[in-house]
2 protein chains.
Amino acid sequence: MVNDKKGAILIISGPSGCGKSTLLKEVYKDIDDYYFSISSTTRAPRVGEKDGVDYFFISKEEFLKDIEAGYFLEWAEVHGNYYGTSLKPIEKAVSEGKLAIFDIDVQGHDIAREKLNDLITSVFITTPTLSELENRLNKRATDSKEIIENRIKNAKDEIKHFHKYDYFIVNDDLEKASKQLVSIANITRIKSKLFDPKLPESWLD
Amino acid sequence: MVNDKKGAILIISGPSGCGKSTLLKEVYKDIDDYYFSISSTTRAPRVGEKDGVDYFFISKEEFLKDIEAGYFLEWAEVHGNYYGTSLKPIEKAVSEGKLAIFDIDVQGHDIAREKLNDLITSVFITTPTLSELENRLNKRATDSKEIIENRIKNAKDEIKHFHKYDYFIVNDDLEKASKQLVSIANITRIKSKLFDPKLPESWLD
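For the structure given in this document, a descriptive report is provided here. This structure is a prediction, so every number in the text was calculated from the model and none was measured.

### Let's talk about the interface of chain B and chain A
How big an interface is tends to be stated in terms of the accessible area lost upon association of its parts. With 42 residues of chain B in contact, the opposing surface of chain A contributes 42 residues. For the pairing of chain B and chain A, the buried interface totals around 3,700 Å² over both sides, and the portion due to carbon and sulfur atoms is 66%. Looking at the side of chain B facing chain A, the largest losses of area belong to Ile190, Ser192 and Trp203 of chain B, adding up to 20% of the total buried there. The interface formed by chain B and chain A contains two salt bridges. Between Asp30 of chain B and Lys179 of chain A there is a salt bridge, and its shortest N-O distance comes to 3.2 Å.

And the structure:
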């Protein structure tokens, strides 16, 4: 008997404003057994915050050791506290047969690929054009002009890496793009690479 | 503006009796713009048969030339007539932006991979166990004992190649397996490899 409950990783990248969060909500509705990546931090929990829910609260020592060991896909120091995305909880989720989902930038994708290539399915999401991205960022009106300009600059750099991703979604129609992302999430765990090469023998049982 | 209507190929393999035809019906309901591979033959059309619908009716000369050129993924001579699956109409469908779907054996998959690797997404479908396959073949009661035995022998050989396929579906639950196959069909045409590497430049327009 063949077991097809495999752990795997789904990586989503794409410029800020391309609609990632909206699309991810559709995935959560459709997929069981997923783990959405939670950041780690060295700052103290605020009132009501829970370890493993809001953040993984870890010591500065552990954080620095894990940076050294290459576990962090991205990290930053802000006002003396460290924040970042560690591969540790992701590996744990995968070992439990879950689909680990995370939204990370292109550098983080490169690092994850180096470490866990066979487990990963990745998607680059974008608007149909740069000007459409500008429109969406301006419409949101939540960010300052400087932040928007910075996001646009990053977007121009990020899209140069689309070819490193397995799939490419042009989010010009929410229904179509949701269906595509949900489909990708659906099959991330049935990649042949995830199955034991000795499967043909056990299949004979 | 980025165009995401790409032509691509979806290859399905798996032992006779694993439920391929039933699963494919779900794909046809869900996908637009598909082309299901039609066999080519050198025999004369029977009354009511149409070229490009029932078969591609081609001359023996053309058939032999295309075997020579490596266009045939599989072929056989039966009572002096040739039958086979040619890559020619598949390439045409892809150039028209369609999803070409075909059901072929593991040798055919190998040949298609050699010729058109980047365009292909492939799926190996099987029952959870060999004994379940035997049950299904016996239940159908449409085939002689010899044919069933031959199918089981082939199945044991075929499953050894599951690792060459992109995806692996265990058809133990029709609803789950249909959803998986439809999902694969849905995203075959948004593989990053299918997009022009110069896309980041045109995205700036």
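### Concerning the sheet that holds strand β5 (residues 72-78) of chain B
Residues and elements named next belong to chain B. The strand order across the open sheet formed by four strands is β4-β3-β6-β5, and the pairing between neighbours is mixed. For this open sheet the edge positions go to β4 (56-57) and β5, each flanked by a neighbour on one side alone. Sheet analysis places strand β3 (residues 40-41) next to β4, joined by two bridges and oriented parallel. In the sheet register, Ser40 faces β4, and the bridge partner there is Phe56.

### Notes on helix α6 (residues 145-158) of chain B
Over its 14 residues, α6 of chain B extends 20 Å from the first C-alpha to the last, a length consistent with the 20 Å expected when each residue adds 1.5 Å. Here α6 of chain B has its buried residues at Ile148, Ile152, Ala155 and Glu158 of chain B. Taken around the axis of α6 of chain B, the buried residues stretch over an arc of 125°, which confines them to a single face. Turned more than 90 degrees away from the buried face of α6 of chain B, the exposed residues are Glu146 and Lys153 of chain B. Elements that come into contact with the buried residues of α6 of chain B comprise α8 (199-203) of chain A together with α4 (106-116), β8 (120-126) and α5 (130-140) of chain B.

About the thresholds
Residues numbered from 1 in each chain as written. Chains lettered and ligands numbered in written order. Predicted model: local features only at pLDDT ≥ 70, side-chain atom pairs only at ≥ 80, totals over all residues. Heavy atoms only, no water. Contact = heavy atoms within 4.5 Å. Buried area = accessible area lost by both parts, 1.4 Å probe. Salt bridge = Lys/Arg side-chain N within 4 Å of Asp/Glu carboxyl O. Pairing = 2+ DSSP bridges. Helix = DSSP H or I, 4+ residues; strand = E, 2+ residues; numbered from the N terminus. Expected span 1.5 Å × (residues − 1). Buried < 20%, exposed > 50% of the residue type's maximum accessible area, 1.4 Å probe, protein only. Arc of directions from axis to C-beta.

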